[in-house]
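Letter by letter, the chains look like this.
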Amino acid sequence: MNQYAIREAIPADADAVADYHDRCFRDTYSSQLLAGEFDAPDLAGTRQQLHDWFIPESGVETRVAVIDGAQIGHVSVSGDQLVHLFVEPSHQHVGLG
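Residues numbered from 1 in each chain as written. Predicted model: local features only at pLDDT ≥ 70, side-chain atom pairs only at ≥ 80, totals over all residues. Heavy atoms only, no water.

A.B. asks: Quick question: what am I supposed to make of the overall build of the protein here?
C.D. replies: Within the protein one finds 3 helices and 4 strands. Put simply, the protein runs from its N terminus to its C terminus through helices and strands in the order β-α-α-α-β-β-β. In terms of overall size, the protein behaves like a compact globule, its C-alpha atoms giving a radius of gyration of 14 Å where 97 residues would be expected to give roughly 13 Å. In the protein, which comprises 97 residues, the proportion classed as buried is 32%. Considering only contacts in the protein between residues 6 or more positions apart, those separated by 24 or more positions represent 58%. For the protein, the accessible area works out to roughly 5900 Å², and carbon and sulfur atoms hold 49% of it. (Helix = DSSP H or I, 4+ residues; strand = E, 2+ residues; numbered from the N terminus. Rg over C-alpha atoms; globule rule 2.2 N^0.38 Å. Buried < 20%, exposed > 50% of the residue type's maximum accessible area, 1.4 Å probe, protein only. Contact = heavy atoms within 4.5 Å. Areas by Shrake-Rupley, 256 points an atom, 1.4 Å probe, with all protein chains shown as cover.)

Put into structure tokens, the structure is as follows:
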């Protein structure tokens, strides 16, 4: 695995994080999406939600994993509750999560 850094998320990370979040969701739930059991989340809504979470005053703490300037994973917590843990599909199964 390439060397990665972990840092605090900033609002400018929201677009890249939303993109791999969407890929993760579609990969994980592909059969349910295909069967019409539910719809994929609205990408624009996910971007906005993440942007809002990445503002320091949001109450949601998020760290992003970055390789060569590209966001490849993130973890978000609110208090003692895990809110999100996602890793870019091409970086899964290597121990990052």
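A.B. asks: Is there a simple way to explain the pattern of salt bridges in this structure?
C.D. replies: If the charged atoms of two oppositely charged side chains come close together, the side chains can form a pair. Following the criterion strictly, the structure yields 5 salt bridges and no others. The shortest N-O distance in the salt bridge between Asp13 and Arg7 comes to 2.8 Å. Arg47 is the partner of Asp15 in a salt bridge, and the nearest nitrogen-oxygen pair spans 3.4 Å. Of this pair, Asp15 sits in helix α1 (residues 14–28) while Arg47 sits in helix α3 (residues 43–53); the two residues are 32 residues apart in sequence, bridging distant segments of the chain. Via salt bridges that share partners, Asp15, Asp19 and Arg47 belong to a single interconnected network. (Salt bridge = Lys/Arg side-chain N within 4 Å of Asp/Glu carboxyl O.)

A.B. asks: Help me understand α3 in this model?
C.D. replies: An α-helical turn contains 3.6 residues, so a residue and the one three or four places further along point in the same direction. Along α3, the residues that are buried comprise Thr46, Leu50 and Trp53. Projection of α3 onto a plane perpendicular to its axis shows the buried side chains occupying an angular sector of 60°, all on one side. Tucked inside the fold, the buried residues of α3 contact α1, β3 (70–78) and β4 (81–87). (Arc of directions from axis to C-beta.)

A.B. asks: Quick question: what am I supposed to make of α1 here?
C.D. replies: With 15 residues, α1 ought to run about 21 Å at 1.5 Å a step, and its terminal C-alpha atoms sit 21 Å apart, in line with that. Regarding α1, the residues found buried are Ala14, Val17, Ala18, Tyr20, His21, Asp22, Cys24 and Phe25. (Expected span 1.5 Å × (residues − 1).)

A.B. asks: When you look at the side chain of His84 in this model, what are you seeing that I'm missing?
C.D. replies: With respect to the element layout, His84 can be found in strand β4. Residue class for His84 comes out buried when judged on its relative accessible area of 11%. Of the polar contacts made by the side chain of His84, one reaches the side chain of His74; its length is 3.2 Å. (Polar contact = N/O pair within 3.5 Å; in protein donor to acceptor, adjacent residues only side chain to side chain.)

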